[in-house]
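Residue strings, one per chain:
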Amino acid sequence: MKQPHLHSIDTLRGLGAVIIVLYHSGKMFAAPTLAAHGYLLVDFFFVLSGFVMTYSYEGRVNGGETFRDFAFSRFARLYPLYLFTLILGACSLAYVISEKHLWGQTGGAFWAAFGVNALTLPYFETTSLVGGGPVFPFALQAWAVFWEFIVAFAFYFWVKYGARFAVLLWLIFAVLLYVVAMPTMRIDGGWKGDGFIIGGLRAFVGLYGGYLSAKIIKNWYDANDKARSVALMTIAWLIIGGSFYQGVWVKDDNPYIELALIYFGFPFLVGTICHSKIWILNNPIANFFAKISYSLYLMHIFLLGLGLKYLKVTGTEASLGLGLVWLAIVIALSYLAHILIEIPSRQKMMVWQKRDRK
């Protein structure tokens with residue numbers, strides 16, 4: 001049986017995508033940094049994924065859905081827009097390489113990276129292509145898409161074989177994340193080779209945190225118990241406020257607060273706020289950003305590169321006004337990518353799947 005749609009969860013996903021865009025785009029706004037710890041919203045996305053897979057797919061897996069059908073549904077959801085973004089990023093990087101006459105030095109790495117990334121796999125020898133050595137040089141943020149596939153497949157087989165030891169697994173990955181991340185006092189690893197394992201640990205902490213949120217925290221809420229429901233919603237909104245404050249306004253790193261949000265704050269927030277029917281989380285504007293959240297996340301890095309190139313070529317100074325114009329363009333183009341690529345490709349692939357079943 002299909003579960004009711006949780007619009008409030010989608011709204012938070014849309015808000016998170018906007019904050020991640022701001023986190024990367026300070027230079028367009030002439031600001032040293034915007035949303036200094038906006039990378040925490042990626043961890044929020046991982047918790048959301050764990051929650052949604054548990055809420056929407058656990059029953060289907062237990063009901064006999066094959067791995068092939070499950071994997072295809074995730075592939076149809078994530079891959080088409082990812083491939084489009086990958087091609088855009090490859091074209092942009094190819095232009096830069098041609099402009100600097102560097103094909104002789106970087107051509108082999110370019111095509112090797114593109115071939116591997118097209119399979120949604122990381123490529124680790126990219127320092128000659130892009131500074132910092134990102135494992136997805138054509139779409140830097142796509143490391144999270146790779147881990148989305150990994151945790152989804154792990155979720156399927158874990159549920160298929162009993163879904164046991166959730167708390168223990170969450171605890172193991174939480175401890176590993178602490179041990180691996182603490183030497184650098186930074187949680188935002190995953191996008192480049194030397195911190196790639198941190199990204200995987202973040203993904204699995206989110207998976208099991210989201211699972212526990214759906215199985216335990218979600219059931220704490222009782223609409224008939226007004227005192228409890230008000231208390232839970234109050235705590236959830238305090239977490240939203242605290243997450244916004246930590247993610248956007250605070251400049252200094254505090255990994256202990258960040259880990260507290262990842263371990264406890266985000267799972268509690270998701271498991272509680274999913275019950276909310278408040279207008280601010282359930283309105284046309286919120287629903288709009290919810291729908292384009294994935295395209296916003298994937299498209300903005302490419303569009304940021306174009307924006308910064310425009311500033312350099314024209315000699316234009318970045319400013320708040322120019323940054324807002326750029327942000328409006330990003331939103332508009334992300335919407336077009338959503339309606340022209342993401343939705344039609346997903347629908348087409350699901351039609352193919354239905355025909356294949358016959």
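Per-chain numbering applies: the sequence of each chain, read as written, is numbered from 1 onward. Local features are withheld for residues below a pLDDT of 70 in this predicted model, meaning they are given only at 70 or higher, and side-chain atom pairs are given and counted only at 80 or more; totals for whole chains, interfaces and linings count all residues. Heavy atoms from the whole structure form the basis of all side-chain values; hydrogens and water molecules are not counted.

Details of the overall build of the protein chain
In this description a helix means any DSSP run of H or I spanning at least four residues, a strand means any run of E spanning at least two, and both kinds are numbered starting from the N terminus. Helix and strand counts for the protein chain stand at 12 helices and zero strands. Based on C-alpha atoms, the radius of gyration is set beside the globule rule, defined as 2.2 Å times the residue count to the power 0.38. Taking 21 Å as the expected radius of gyration for a compact globule of 358 residues, we find that the protein chain reaches 21 Å, a close match to that expectation. Along the first, second and third principal axes, the C-alpha atoms of the protein chain reach 65 × 50 × 45 Å. Sorting the 358 residues of the protein chain into buried and exposed places 52% on the buried side. Approximately 17100 Å² of the protein chain is accessible, and the part contributed by carbon and sulfur atoms is 68%. Remark: exposure states derive from per-residue accessible area (1.4 Å probe, protein chains only) relative to the maximum for the residue type, with buried under 20%, exposed over 50%, and partly exposed in between. Here the Shrake-Rupley method, with its probe set to 1.4 Å, supplies the accessible areas, and only the displayed protein chains count as covering residues.

Considering helix 2 (residues 40-62)
Given 3.6 residues per turn, any residue in an α-helix points the same way as the ones three and four places further on. Compared with the 33 Å implied by 1.5 Å per residue over 23 residues, the 32 Å span of helix 2 between its first and last C-alpha is a close match. Here the bend at each residue means the angle between axes fitted to two seven-residue stretches, the one ending at that residue and the one beginning there. Bending of helix 2 peaks at approximately 45 degrees at the position of Ser56. Within helix 2, 18 of the 23 residues are buried, which leaves it mostly tucked inside the rest of the structure. A positive phi of about 110 degrees marks Gly64, the residue just after helix 2. Expected helix span is computed as 1.5 Å times (number of residues minus one).

Some thoughts on the nonpolar core
Among buried residues, the Ala, Val, Leu, Ile, Met, Phe, Trp, Tyr and Cys ones that are joined through side-chain atoms within 4.5 Å form a nonpolar core. Of all hydrophobic cores here, the largest spans 111 residues; its most connected members are Phe44, Trp143, Phe155, Ile273 and Trp326. Among the elements that take part in this core, helix 2 stands out by supplying 13 residues, more than any other. Setting aside residues up to four positions removed in sequence, Phe44 forms contacts with Leu12, Arg13, Phe266, Leu269 and Val270. By the convention used here, residues are in contact when the closest approach between their heavy atoms is within 4.5 Å.

Considerations on unusual backbone geometry
Its identity as a non-glycine residue notwithstanding, His101 has a phi of 55 degrees, on the positive side. If you trace the backbone, His101 turns up in the loop between helix 3 (67-99) and helix 4 (103-118). Even without being glycine, Ala163 reaches a positive phi, approximately 50 degrees. Residue placement: Ala163 occurs in the loop between helix 5 (143-160) and helix 6 (166-181).

Observations concerning the pattern of salt bridges
What makes a salt bridge here is a side-chain nitrogen of Lys or Arg within 4 Å of a carboxyl oxygen of Asp or Glu, nothing more. Inspection of every chain in the model, using the stated rule, returns seven salt bridges. One salt bridge in this structure joins Lys215 and Glu58, with 3.1 Å as the shortest N-O distance. Of the two residues, Lys215 sits in helix 7 (residues 196-215) while Glu58 sits in helix 2, which places them 157 residues apart along the sequence. Exposure remark for Glu58: the relative accessible area of 11% places this residue in the buried category. Arg346 is the salt-bridge partner of Glu342, the closest N and O atoms lying 3.0 Å from each other. On the criterion of helical spacing, the pair formed by Glu342 and Arg346 is a turn pair, its members being four residues apart in helix 12 (residues 320-357). Through salt bridges that share partners, Arg77, Glu342 and Arg346 make up one connected network.

Remarks on the packing of helix 2 against helix 3
Axis definition: a line fitted to C-alpha atoms, over the contacting stretch in the case of helices. Angles run 0 to 180 degrees between N-to-C directions. It is the contact of helix 2 with helix 3, at a shortest axis distance of 11 Å, that shows an interaxial angle of 150 degrees. Between helix 2 and helix 3, the angle falls in the class roughly antiparallel. Handedness of the crossing formed by helix 2 with helix 3: right-handed. Seen from helix 2, the contacting residues are Met53, Tyr57, Arg60 and Val61; seen from helix 3, they are Phe70, Ser73 and Arg74. We call Asp, Glu, Lys and Arg charged. Ala, Val, Leu, Ile, Met, Phe, Trp, Tyr, Cys and Pro are nonpolar, and the rest, Gly among them, are polar. Looking at the contact of helix 2 with helix 3 residue by residue, the classes come out as four nonpolar, one polar and two charged. By the definition adopted for this analysis, an angle is roughly parallel if under 35 degrees, roughly antiparallel if over 145, roughly perpendicular if from 65 to 115, and oblique otherwise. By definition, any crossing whose near helix is turned counterclockwise from its far helix by less than a right angle is left-handed, and any crossing with a clockwise turn is right-handed.

Some remarks on the side chain of Thr54
Along the chain, Thr54 falls in helix 2. Identification of polar contacts relies on pairs of N or O atoms within 3.5 Å, with a donor-acceptor requirement for protein atoms, meaning one able to donate a hydrogen and the other able to accept it, and with residues adjacent in sequence counted only if both atoms are side-chain atoms. There is a polar contact of 2.7 Å between the side chain of Thr54 and the backbone oxygen of Gly50. What Thr54 contacts, discounting residues up to four positions off in sequence, is Phe155, Tyr211, Ala214 and Lys215.

Section: the environment of His5
Mapped onto the elements, His5 comes out in the segment before helix 1 (7-24). Here His5 falls in the exposed class, since its relative accessible area comes to 52%. Expressed as a C-alpha distance, the spacing of His5 and Tyr55, which sit 50 residues apart in the sequence, is 10 Å.

Focus on the packing of helix 2 against helix 7
Viewed as axis vectors pointing N to C, helix 2 and helix 7 meet at an angle of 45 degrees, and their least axial separation amounts to 7 Å. Considered as vectors, helix 2 and helix 7 are oriented oblique to each other. As helix 2 runs across helix 7, the sense of the crossing is right-handed. Contact residues: Val42, Asp43, Phe46, Val47, Gly50, Phe51, Met53, Thr54 and Glu58 in helix 2; Gly199, Arg202, Ala203, Gly206, Leu207, Gly210, Tyr211, Ser213, Ala214 and Lys215 in helix 7. Class assignment of the residues belonging to the contact of helix 2 with helix 7 gives a composition of nine nonpolar, six polar and four charged.

Points about the confidence of the model for the protein chain
In regions of low pLDDT, the predicted coordinates are not meant to be interpreted in detail. Each residue gets a pLDDT score, which is the predictor's confidence in that residue and runs from 0 to 100. Taken residue by residue, the protein chain gives an average pLDDT of 89. The fraction at 70 or more is 97%. Looking over the protein chain, one finds the lowest element-wise mean pLDDT in helix 8 (residues 226-249), namely 79, and the highest in helix 5, namely 97.

Here we look at the packing of aromatic side chains
Aromatic rings from Phe, Tyr and Trp, with only the six-membered ring used for Trp, were paired whenever their centres fell within 6.5 Å, and each pair was classed as stacked if the ring planes differed by under 30 degrees, edge-to-face if by over 60, and tilted otherwise. Applying the stated criterion to the full structure yields 34 aromatic pairs. A ring pair is formed by Phe45 and Tyr297, whose centres lie 6.2 Å apart and whose planes are at 85 degrees; its orientation type is edge-to-face. Of this pair, Phe45 sits in helix 2 while Tyr297 sits in helix 11 (residues 293-314), and the two are 252 residues apart along the sequence. The pair Phe45 / Tyr297 is uniform in exposure class, with both members buried.

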